[in-house]
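For reference, the chains in residue letters:
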Amino acid sequence: MKKFTTRFLPKPIAKMADIIGTIVTLLETVQSAVTLYQRIDGLPTQMTQLGKRIERLSPFLSRLESFIKKRPAAASSSLYPGQKQDLRQLLDAINGHIKKATDLFERYEKGILSRSHDLEFRARWVSQIWFSLVENSPEKVQAILDDIEYDRGVLSDYLALMAVDKQPDIPSPNLITSPAPKKIIINSPANKHIANSPKKNNLSPSSAPAKRPSPSPSPIPRQDLKVLFVDPYHAERTAIAESLLALFRELTPLYRSNTPWRISTVSSAGFFVKNSSDLVPVISSLNYSYPSWKKDFKPGGPGDVPKPEALKAIFDNKWADYPFKNAIKSQISTRPSVGLTKDVFKKYDYIIVFTKRDHDNMVKLKEAVTAMAKERQRARVLHLGVYLGGEIVYPTLAKGAGEFIEQTNRHEWNKKVAQIKTALKEFLRQEMRWQMPELPGPEKNDGKQIKDTGEKDANGVKNKKTESGKDKVNAAGKAKGKES
């Protein structure tokens, strides 16, 4: 295998190129596990699910490898030092979990009960029953299933953070180049010669037909997901995001009862806020990627609340104008500024920040908390701007007093609210397959009127067309032309 030489590369690019070797080795481990899984017939349901989840990892790793090889400079500049370190640790964790799964498959296939005691039944079917019922407990397999699904989610987050999807020549995640081999019942007397004969490969990877990856098992979707928004000082961005998610929560059952709302808890906090935080010493001692990213702490507390002009951009309008809107406004406008606690990465499923700098700081904190707890922390750290293709920074506000200044700043906050709303909709769509409810009236559907077309679909439900202001102007122009 050809090895990459990093000797003459700039230091940041060389560090990124070093990851390629890890990915290449990992891809080989994944492919071996997939081949083994596909070879065994009659696997228990849980182990079949495990094999399918390993299959899903391969295209993500292939795209990451291809991106780093083809664009090492772009790959290096797309991540900050803390994120690169976190990616390396993720790849190491994936390698360990795949090896655990491979060991399960090998022991099941060969009838090995225990590697430590070298126990084995003569009749393979007896050993497989024993293995399924005793040695291979559902809890053990489920733990590996959960680990690999979490790994795939975080790996997908990094591909989005690095903008791999925007590269036209990077392989699609929906394509796998290696064909699934035909499953053979190895225990069958007619096929004993096949079990001990060398495998023939009639198709090279390049000539093999492309196929979509096997779908992931579809367990019942969780309805108790917890989301935390974090910015440096628990200020307006977190208040906007928390408010919008709370409004989406109330609107979803109101207008789309067949789309379940899967988030049970929405909250927010500040990275550099002392109030209610037990992580101040840890955050203070972090090895920040750049010194300027370490900010002074603010005390926080009941007197530190979001600016009224930012909240007006959410609540002082006709969008989602229902009684629950006032209740959410009252709660958000009086909530105190709080910091982070040691259980933050165990308590929440998603921790969402607004810039890559904040993301880098957060993954460094996650690494520190993991080292203290000596166990893996489950929260996924997401950059909300990825769903827009950019950073979500605070607006540039005019200084001074008077109606003109107030209107100018309100306009800026309106734009910021619209930006965060768009990003949140995409986050919900991608992560939870959520759809924005079709609200009645132009003022309640982001300025777009829902028009009844009069047609019905196959289920007898009337089709509706979303008509924007521009569509209305064009329609009016056409009508006027006909009249003349």
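By the naming in an unreviewed UniProt entry, the protein chain is NACHT-NTPase and P-loop NTPases N-terminal domain-containing protein, taken from Podospora pseudocomata.

(A) Expanded view of the overall build of the protein chain. Broken down by element type, the protein chain carries 15 helices and eight strands. Across the protein chain, every contact between residues at least 6 apart in sequence was considered, and the portion connecting residues at least 24 apart equals 78%. Here the protein chain has roughly 25,800 Å² of accessible surface; of this, 53% comes from carbon and sulfur atoms.

(B) Focus on the pattern of salt bridges. By the definition in use, this model includes 23 salt bridges. For Glu149, the salt bridge is made with Arg53, and the minimal N-O distance between the two is 3.9 Å. Here Glu149, found in helix 6 (residues 138-161), pairs with Arg53, found in helix 2 (residues 45-70); they are 96 residues apart in sequence, far enough to count as distant. Exposure remark for Glu149: the relative accessible area of 24% places this residue in the partly exposed category. Asp147 is paired through a salt bridge with Arg378; the nearest N and O atoms lie 2.5 Å apart. Here Arg378 lies in the loop between helix 13 (356-373) and strand 6 (380-383) and Asp147 lies in helix 6, a separation of 231 residues in the sequence. Looking at Asp147, the relative accessible area reads 13%, which means it is buried.

(C) The sheet that holds strand 4 (residues 263-270), seen in detail. Taken together, the four strands give an open sheet; going across it, the order is 4-3-5-6, and neighbouring strands pair in parallel fashion. Lying at the two open borders of the sheet, with one neighbouring strand each, are strand 4 and strand 6. Averaged over all pairs of adjacent strands, the angle between their axes in this sheet comes to 25°, without regard to strand direction. Sheet analysis places strand 3 (residues 225-231) next to strand 5 (residues 350-353), joined by three bridges and oriented parallel. Looking across to strand 5, one finds that Leu228 is bridged to Ile351. This element, helix 8 (residues 236-255), spans strand 3 and strand 4 of the sheet and lies at about 155° to strand 3.

(D) Representation of the packing of aromatic side chains. All chains considered together, the criterion is met by 16 aromatic pairs. Pairing Tyr80 with Trp293 gives two aromatic rings, centres 4.7 Å apart and planes at 80°, and the pair type is edge-to-face. Of the two residues, Tyr80 is situated in the loop between helix 3 (72-77) and helix 4 (81-110) and Trp293 in the loop between helix 9 (280-284) and helix 10 (308-315); the sequence distance between them amounts to 213 residues. Take Tyr80: its relative accessible area is 25%, and that puts it in the partly exposed class. When the ring of Tyr290 is compared with that of Trp293, the centres are 4.8 Å apart and the planes differ by 65°; the resulting orientation is edge-to-face. With relative accessibility at 37%, the residue Tyr290 sits in the partly exposed group. An aromatic cluster is defined as three or more aromatic residues linked by ring pairs; in this entry it consists of Tyr233, Phe271, Phe272, Tyr288 and Phe297. Looking at Lys356, its charged tip hangs above the ring of Tyr80, at a distance of 5.6 Å from the centre. Directly above the ring of Tyr150 sits Arg378, whose terminal nitrogen or CZ lies 5.5 Å from the centroid.

(E) Representation of the nonpolar core. If you look at the biggest cluster of nonpolar residues, it comprises 69 residues, and the most contacted ones within it are Ile54, Phe105, Phe271, Leu340, Met362 and Leu365. In terms of residue count, helix 1 (residues 11-39) provides more of this core than any other element does, eleven residues in total. The contacts of Phe271, once residues within four sequence positions are left out, are Val230, Asp231, Pro232, Ile283, Leu286, Tyr288, Phe297, Leu340, Asn361, Met362 and Leu365. Residues Leu247, Phe248, Leu251 and Phe315 belong to the second largest nonpolar core, which totals 43 residues.

(F) The arrangement of the environment of Ala241 in detail. With respect to the helices and strands, the residue Ala241 is situated in helix 8. Residue classification places Ala241 among the buried positions, given a relative accessible area of 0%. For the pair Ala241 and Ala423, spaced 182 residues apart in sequence, the C-alpha to C-alpha distance is 9.5 Å.

(G) How the structure looks around the environment of Lys356. Tracing the sequence through the fold places Lys356 in helix 13. In contact with Lys356, not counting residues within four places along its chain, are Ser77, Ser78, Leu79, Tyr80, Gln83, Leu161, His383 and Glu391.

(H) Representation of the packing of helix 8 against helix 10 in the model. The interhelical angle for the contact between helix 8 and helix 10, taken along N-to-C directions, is 20°, at an axis separation of 10 Å. Considering the angle they form, helix 8 stands roughly parallel to helix 10. Crossing geometry of helix 8 relative to helix 10 is assigned as right-handed. Only Ala310, Leu311, Ile314 and Phe315 of helix 10 make contact with helix 8, whose side of the interface consists of Glu236, Ala239, Ile240, Ser243, Leu244 and Leu247.

(I) Structural context of the pairing of strand 3. For strand 3, the tally of buried residues reaches six of seven residues, placing the bulk of the element in the interior. By the bridge criterion, seven bridges tie strand 3 to strand 4 in an arrangement that is parallel. Directly across from Val230, in strand 4, lies its bridge partner Ala269.

(J) Here's a closer look at unusual backbone geometry. A positive phi angle is found at Lys374, which is not glycine, with a value near 60°. Among the secondary structure elements, Lys374 is positioned in the loop between helix 13 and strand 6. Of note in this structure, Arg433 is not a glycine but carries a positive phi near 55°. Mapped onto the elements, Arg433 comes out in the loop between helix 14 (403-432) and strand 7 (449-456).

(K) Main features of the pairing of strand 5. Residues Tyr350 and Ile352 line one face of strand 5 and the alternating positions Ile351 and Val353 line the opposite face, and both faces are buried. Two elements, strand 5 and strand 6, share four bridges in a ladder whose sense is parallel. Paired with Ile352 across the two strands is Leu382, which belongs to strand 6. Tracing the backbone out of strand 5, into helix 13 and back to the parallel element strand 6 gives a crossover that is right-handed.

Analysis parameters
Residues numbered from 1 in each chain as written. Predicted model: local features only at pLDDT ≥ 70, side-chain atom pairs only at ≥ 80, totals over all residues. Heavy atoms only, no water. Helix = DSSP H or I, 4+ residues; strand = E, 2+ residues; numbered from the N terminus. Contact = heavy atoms within 4.5 Å. Areas by Shrake-Rupley, 256 points an atom, 1.4 Å probe, with all protein chains shown as cover. Salt bridge = Lys/Arg side-chain N within 4 Å of Asp/Glu carboxyl O. Buried < 20%, exposed > 50% of the residue type's maximum accessible area, 1.4 Å probe, protein only. Pairing = 2+ DSSP bridges. Axes fitted to C-alpha atoms, helices over the stretch in contact; angles between N-to-C directions. Phe/Tyr/Trp six-rings, centres within 6.5 Å; stacked < 30°, edge-to-face > 60°. Lys NZ or Arg CZ within 6 Å of the ring centre and 35° of its normal. Core = buried A, V, L, I, M, F, W, Y, C linked by side-chain atoms within 4.5 Å. Parallel < 35°, antiparallel > 145°, perpendicular 65-115°, else oblique. Left-handed = near helix turned anticlockwise from the far one by under 90°. Right-handed = clockwise from strand over helix to strand, strands pointing away.

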